[in-house]
Amino acid sequence: MLIRKPGDILPSDITPPEIYRERRRFMRGIGALAAGAVLGAVPDAQAGAKLAGIRASTYRLDDEKTSFKDATTYNNFYEFGTGKADPAANAGSLKTRPWTVTVEGEVSHPKTYDIDALLKLAPLEERVYRLRCVEGWSMVIPWVGFPLHEIIRRAAPTGNARYVEFVTLNDPRQMPGQRSRVLDWPYVEGLRMDEAMHPLTLLAVGMYGEVLPNQNGAPIRLVVPWKYGFKSAKSIVRIRFVEKQPLTAWMRATPSEYGFYSNVNPEVDHPRWSQARERRIGEFFKRETLMFNGYGSQVAQMYRGMDLKKYF
Amino acid sequence: MAATLRNPKVWIFGLCLFPLARLIVLGGSGGLGANPIEFITHSTGTWTLIGLMVTLSVTPLRRLTGRAELVRYRRMLGLFTFFYASLHFVTYVWLDQFFDPAAIAKDIIKRPFITIGFAAFVLLIPLAATSTHAMMRRLGRRWQQLHRLVYLVAILGVIHYMWLVKKDLTQPLIYGAVLALLMIMRLPWGVMLLQSVRSRFVPARF
């Protein structure tokens, strides 16, 4: 499968200035980091720490990246409040160590991974993806992680495994937004098996070359770039393989507005607003929303023959 | 100068300009966040709702305190509400939709929360247009009947807010509760309550 979208502009030509600044910061701290790399250690678990040994990937975009500041201060993460600035303000109470992720259900090899073991499960690579929120705004984010199929392969799903369910941490002491009943906690999301196995589906542990900030779903989150942002579950503690289609948090909350698939689709409106266009954060004019968020050539075949108005 | 500063109208006028001044200062210093257009839309919408609530609280406050002169500030509060509603509307037409008549027409017809918000704005226009003393005299009794439309505008405004939020209804419900209270205070029972509170706690003025 040819993933790379050739373009005249090299990724290096569009690197935003904050990345350059981060590089300078990186150079200053190079001694300490080099020592860590030699010992093969993950430098530091804390958000903001540089992730070592990231491979470049072929998943690149010509689109200009969203600034690190915007991507880390304008978030939907209801576990920390429903306002866009709430996650950045409140996510400090989330403890990402110790942290385990349990892989269970219809698998031959169920396992509970320690987060630091999970970070070494597969080589980390950087992938620049579009992110389209169901609310009508979008970003372009350089994620760091590995494909979800790396975990699935090791778990060896049984013939009964048709769907994968993702569960976010449920702890109101660490996640103050969970004291409100705005959603039925814990947050649950799900993918069909073929969607979960798709090479685009990423488990992210970092962004912009750094450990994932808490407000962006630390220590580990899903990134499914052809679906609306809420499908990409954050701060995951459980990955469960199941036979029946999971009932996701948003389907439970408002079944008439949020379906299981939630593929980005400019032709199927949200019942209360249009999905035809989006505002890319940092841009003035709205832009046309792309079918499957621009990943149609890679994912459309999974939905061939399905009525996407019915399976929204 | 001193006489001007003693006039409460001057102070209220200045206070009513605060939301606009805040947007200008934040805009100039990059403080509008990652999605400035959304920030401006929400801010002007919120201040329109607050303006409606403050304007509608003049009459209950007058009954509660017995200060008939409060009604003198009502027109200015109402006109500032219309000012922020206009900014809200212009933000939508200009910054959000960038004067795309087809997109705006489709939005107004297809999106119930836009339909309701647009209706509320249209209904405010005759109220602002008939706010002068000359119009009050010309319309006589009918002026008051016309201006009762503000109750409908406030109800539509709260529904507009309720229908646009994704999930968390806390804020729109707070505005709904305040509006319900202000409406109850206009019912015969509410008027009696306000007057009995006044006679008990507020000394008669001679």
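Worth saying up front: this structure is predicted, and the values here are computed from it rather than measured.

1. Focus: the packing of helix H4 (residues 36-56) of chain B against helix H6 (residues 74-96) of chain B
Residues and elements named next belong to chain B.
Here comes step 1: For the pair H4 and H6, the least separation of the axes is 8 Å and the interaxial angle reads 160°. For the element pair H4 / H6, the angle class is roughly antiparallel. Here H4 and H6 pass one another in a crossing that is left-handed.
Here comes step 2: When grouped by side-chain class, the residues that make up the contact of H4 with H6 number twelve nonpolar, ten polar and two charged.

2. Considerations on H6 of chain B
All names here are of chain B.
Here comes step 1: For H6, built from 23 residues, the straight-helix expectation of 33 Å at 1.5 Å per residue is met to within 8% by its first-to-last C-alpha distance of 31 Å.
Here comes step 2: Within H6, burial applies to Gly78, Phe80, Thr81, Phe82, Tyr84, Ala85, Leu87, His88, Thr91 and Tyr92.
Here comes step 3: In this structure, the buried residues of H6 make contact with helix H2 (8-16), helix H3 (18-28), H4 and helix H8 (112-129).
Here comes step 4: One or two positions beyond H6, positive phi appears at Phe98, with a value near 45°.

3. Description of the environment of Tyr92 of chain B
Residue and element names in this part refer to chain B.
Here comes step 1: Mapped onto the fold, Tyr92 is located in helix H6.
Here comes step 2: Between the alpha carbons of Tyr92 and Ile104 there is a distance of 8.9 Å; along the sequence they are twelve residues apart.
Here comes step 3: Not counting the four nearest positions on each side in its chain, Tyr92 is found in contact with Thr41 and Gln97.

4. Observations concerning the pairing of strand S3 (residues 111-114) of chain A
Residue and element names in this part refer to chain A.
Here comes step 1: Of the pairings in the sheet, the one linking strand S2 (residues 100-105) to S3 comprises four bridges and is antiparallel in character. Within S3, the residue paired with Thr100 across the bridge is Asp114.
Here comes step 2: In sequence, S2 turns back onto S3 through a hairpin of five residues.

5. A word on the confidence of the model for chain A
Here comes step 1: Overall, the prediction assigns chain A a mean pLDDT of 89, with 86% of residues at 70 or greater.
Here comes step 2: Note that residues 26-44 of chain A has pLDDT below 50 and, in this model, 15 contacts with residues that lie over four places away or in other chains.

6. Notes on the pairing of strand S8 (residues 202-207) of chain A
For a regular strand, side-chain orientation follows a simple rule: the groups alternate between the two sheet faces.
Residues and elements named next belong to chain A.
Here comes step 1: Along S8, six of the six residues are buried, which leaves the element largely enclosed by surrounding structure.
Here comes step 2: Across five bridges, strand S5 (residues 137-147) lies against S8 in antiparallel orientation. Each residue of the ladder has a partner; that of Gly145, found in S8, is Ala204.
Here comes step 3: Across three bridges, S8 lies against strand S10 (residues 221-223) in antiparallel orientation. Residue pairing across strands places Leu203 opposite Leu222, the latter belonging to S10.
Here comes step 4: Taken together, the two bridges between S8 and strand S9 (residues 210-211) define a ladder with antiparallel strand orientation. Residue pairing for S9: Met207 is matched across the bridge by Glu210.

7. Focus: the interface of chain A and chain B
Here comes step 1: Across the boundary between the two partners, chain A contributes 13 residues, which contact eleven residues of chain B.
Here comes step 2: Considered class by class, the residues forming the side of chain A that touches chain B number seven nonpolar, two polar and four charged.

Basis of the calculations
Residues numbered from 1 in each chain as written. Chains lettered and ligands numbered in written order. Predicted model: local features only at pLDDT ≥ 70, side-chain atom pairs only at ≥ 80, totals over all residues. Axes fitted to C-alpha atoms, helices over the stretch in contact; angles between N-to-C directions. Helix = DSSP H or I, 4+ residues; strand = E, 2+ residues; numbered from the N terminus. Parallel < 35°, antiparallel > 145°, perpendicular 65-115°, else oblique. Left-handed = near helix turned anticlockwise from the far one by under 90°. Nonpolar A, V, L, I, M, F, W, Y, C, P; charged D, E, K, R; others polar. Expected span 1.5 Å × (residues − 1). Buried ≥ 20, exposed ≤ 12 C-beta atoms within 10 Å, placed from the backbone. Contact = placed C-beta atoms within 7 Å. Pairing = 2+ DSSP bridges. pLDDT = per-residue confidence, 0-100.

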